[in-house]
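Secondary and tertiary structure notes
The lines below spell out each chain.
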Amino acid sequence: MKLLRNKVALITGAGRGIGRVIAEQFAKDGAIVYVNDLQMGDMDIWTGECSKLNNTKVVPICFDVTNTVQLKQNLMTIFREEGRIDAVVNNAAIISNQKLGMVTKDLLQKMYSVNVFAVIDMLQIASRLMARTGGGCFVNIASITGVVGSPGQVAYSSSKGAIIAMTKSAAKELSSMNVRVNAVAPGIIETERFKELYESDGEKMAQRISRIALGRLGSPQDVANAVSFLASDRASYVSGHILGVDGCASI
Amino acid sequence: MNNVEKLNEIFVEIFSCNVSELKTEFNKDAIDGWDSVRQLTLTSAIEDTFDVLLDPEDIIACTSYNAVIDVLRKYEIEL
């Protein structure tokens, strides 16, 4: 049987990149998937193809996760359409690197608004809808930088550290509603952004790869596999856990 | 069952009270056991029954029978 058969899932920030790969994996695993991003882009094309390919429903849904009114409206739309929400993957994030001394208040506010405040908002709203149908789960996307830190990433890593702390607290608070909360902490993942960085500073990146015990970069698919597992009933006794998907790296 | 009856039923179930007690004085300070957990149980039941999602500010404001009515009216529930 497919891992997520008949589950209804919302994945934020999934128009492209790792979020899109997670959405595609959820569809392969049999879930009905709502794919959120700020703008439609080419979502209507690939979600349509993904629906046909996997014989399920993959629906693009555009809204700003930092806008509570839009968030509530869209969660209610999904809930009324499907009768439940089983899983939410909080993937939307601003990723930006600055050395200390160059971290502006404006950037911090934007980053925390998406990476932290919107996730708390999602937890406190979507969990109540999950509770109406007996429970559900959240998978938050953290980062290895939130666990071990990283130079040039004080702003970003601190927002991901917040994700880790909120995952653990929310898991405890929502357990009575049968809502599980876990996080995946990816290491160095071979995304388009990584390739850009690699092109500009190949030596530095090669050094980083050399510190990955498994000897290779992670792929978006590695992350998607972990997220799918945590969203599935196979992880029904797993909550408050931060699952590293980092090839045993020390960055 | 009309909306007032539905609301009263929620209060009766959560606070183990009589419908006749549900008036202005039925508030957080006057009722034993009206703590934050009970308040969240109350607002969750209200959300389920009336198919709404309350804002945190409205959940916090639900500290009396009358306040709950005011909040529900804000969500266009006729009472």
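Because the structure is predicted, anything quoted here is derived from the model rather than measured. (Residues numbered from 1 in each chain as written. Chains lettered and ligands numbered in written order. Predicted model: local features only at pLDDT ≥ 70, side-chain atom pairs only at ≥ 80, totals over all residues. Heavy atoms only, no water.)

Of regular secondary structure, chain A possesses 9 helices and 7 strands. Against the globule reference of 18 Å for 251 residues, chain A gives a C-alpha radius of gyration of 17 Å, in line with a compact fold. Looking at the 251 residues of chain A, the share that counts as buried comes to 51%. Sequence-distant contacts in chain A: of pairs separated by 6 or more residues, those separated by 24 or more amount to 74%. Of the roughly 11,800 Å² of accessible surface on chain A, a fraction of 52% belongs to carbon and sulfur atoms. Taking the average place of the 27 positive charges on the side chains of chain A and the average place of its 22 negative ones, the gap between the two points comes to 6 Å. (Helix = DSSP H or I, 4+ residues; strand = E, 2+ residues; numbered from the N terminus. Rg over C-alpha atoms; globule rule 2.2 N^0.38 Å. Buried < 20%, exposed > 50% of the residue type's maximum accessible area, 1.4 Å probe, protein only. Contact = heavy atoms within 4.5 Å. Areas by Shrake-Rupley, 256 points an atom, 1.4 Å probe, with all protein chains shown as cover. Lys, Arg positive; Asp, Glu negative; His and termini not counted. Charge placed at Lys NZ, Arg CZ, Asp CG, Glu CD.)

Below, the discussion takes up the interface of chain B and chain A. Across the boundary between the two partners, chain B contributes 10 residues, which contact 8 residues of chain A. Summing both partners gives a buried area of about 870 Å² for chain B against chain A, and 45% of it is carried by carbon and sulfur. For Asp55(B), the salt bridge identified is with Lys72(A), shortest N-O distance 2.6 Å. Taken together, the links from chain B to chain A amount to 9 residue pairs in polar contact (both at pLDDT 80 or more). Looking at the side of chain B that touches chain A residue by residue, the classes come out as 6 nonpolar, no polar and 4 charged. (Buried area = accessible area lost by both parts, 1.4 Å probe. Salt bridge = Lys/Arg side-chain N within 4 Å of Asp/Glu carboxyl O. Polar contact = N/O pair within 3.5 Å; in protein donor to acceptor, adjacent residues only side chain to side chain. Nonpolar A, V, L, I, M, F, W, Y, C, P; charged D, E, K, R; others polar.)

Moving on: the pattern of salt bridges. The final tally for this structure, using the stated rule, is 13 salt bridges over all chains. Note that Asp51(B) and Arg80(A) form a salt bridge whose closest N and O atoms lie 3.0 Å from each other. Residue Asp51(B) is located in the loop between helix 2 (36-50) and helix 3 (56-61), and its partner Arg80(A) is located in helix 3 (residues 68-82); the two belong to separate chains. A relative accessible area of 30% places Asp51(B) in the partly exposed class. Overall, the relative accessible area of 54% leaves Arg80(A) in the exposed class. The partner of Arg132(A) in a salt bridge is Asp51(B), and the shortest N-O contact between them spans 3.2 Å. Here Arg132(A), found in helix 4 (residues 105-132), pairs with Asp51(B), found in the loop between helix 2 and helix 3, and the two come from separate chains.

Before going further, it helps to examine the sheet that holds strand 2 (residues 32-37) of chain A. Residues and elements named next belong to chain A. The strand order across the open sheet formed by 7 strands is 3-2-1-4-5-6-7, and the pairing between neighbours is parallel. The open sheet has two edge strands, strand 3 (58-62) and strand 7 (242-245), and neither has a second partner. In this sheet, neighbouring strand axes are inclined to one another by 20° on average, regardless of whether the strands run parallel or antiparallel. The pairing of strand 6 (residues 179-186) with strand 7 spans 4 bridges and is classified as parallel. Within strand 7, the position partnered with Val184 by the bridge is Leu243. Across the face of the sheet, helix 9 (residues 220-231) comes into contact with strand 4 (87-90), strand 5 (136-141), strand 6 and strand 7 while running at roughly 165° to strand 6. (Pairing = 2+ DSSP bridges. Axes fitted to C-alpha atoms, helices over the stretch in contact; angles between N-to-C directions.)

To continue, consider the packing of aromatic side chains. Tallying each qualifying case throughout the model produces 7 aromatic pairs over all chains. Ring geometry for Phe11(B) and Phe15(B): centres 5.7 Å apart, planes at 25°, overall stacked. Taken together, the positions of Phe11(B) and Phe15(B), both in helix 1 (residues 3-15) and 4 residues apart, correspond to about one turn of that helix. Grouping aromatic residues by their ring pairs yields a cluster made of Phe11(B), Phe15(B), Phe26(B), Trp34(B) and Tyr65(B). It is Arg132(A) that lies over the ring of Phe79(A); its NZ or CZ is 5.5 Å from the centre. (Phe/Tyr/Trp six-rings, centres within 6.5 Å; stacked < 30°, edge-to-face > 60°. Lys NZ or Arg CZ within 6 Å of the ring centre and 35° of its normal.)

What follows deals with helix 9 of chain A. Relative to the 16 Å expected for 12 residues at 1.5 Å per residue, helix 9 of chain A spans 16 Å between its end C-alpha atoms, a close match to the ideal helical length. Every buried residue of helix 9 of chain A is listed here: Pro220(A), Val223(A), Ala224(A), Ala226(A), Val227(A), Ser228(A), Leu230(A) and Ala231(A). (Expected span 1.5 Å × (residues − 1).)

Attention shifts here to the packing of helix 3 of chain A against helix 4 of chain A. Residues and elements named next belong to chain A. Two elements in contact, helix 3 and helix 4, have axes whose closest approach is 11 Å; the angle formed by their N-to-C orientations is 20°. One element, helix 3, and the other, helix 4, form an angle in the roughly parallel class. Considering how the two elements wind past one another, helix 3 and helix 4 form a crossing that is right-handed. Across the interface between the two elements, Thr68, Leu71, Lys72, Leu75, Met76 and Phe79 from helix 3 touch Asp121, Met122, Ile125, Ala126, Leu129 and Arg132 from helix 4. Residues of the contact of helix 3 with helix 4, tallied by class, amount to 8 nonpolar, 1 polar and 3 charged. (Parallel < 35°, antiparallel > 145°, perpendicular 65-115°, else oblique. Left-handed = near helix turned anticlockwise from the far one by under 90°.)

Turning our eyes to something else, we now look at unusual backbone geometry. Located in the positive-phi region is Asn178(A), a residue other than glycine, with phi close to 60°. Structurally, Asn178(A) is set in the loop between helix 6 (154-174) and strand 6.

All names here are of chain A. Along strand 1 (residues 8-11), one buried face is formed by Val8 and Leu10 and the opposite face, lined by Ala9 and Ile11, is buried too. Summarising the sheet, strand 1 and strand 2 pair through 4 bridges and their orientation is parallel. Among the inter-strand pairings, Ile11 is bridged to a residue of strand 2, identified as Val35. Crossover strand 1 to strand 2 through helix 1 (residues 17-28) is right-handed. As paired strands, strand 1 and strand 4 are joined by 3 bridges and run parallel to one another. The residue bridging Leu10 from the neighbouring strand is Val88, located in strand 4. (Right-handed = clockwise from strand over helix to strand, strands pointing away.)

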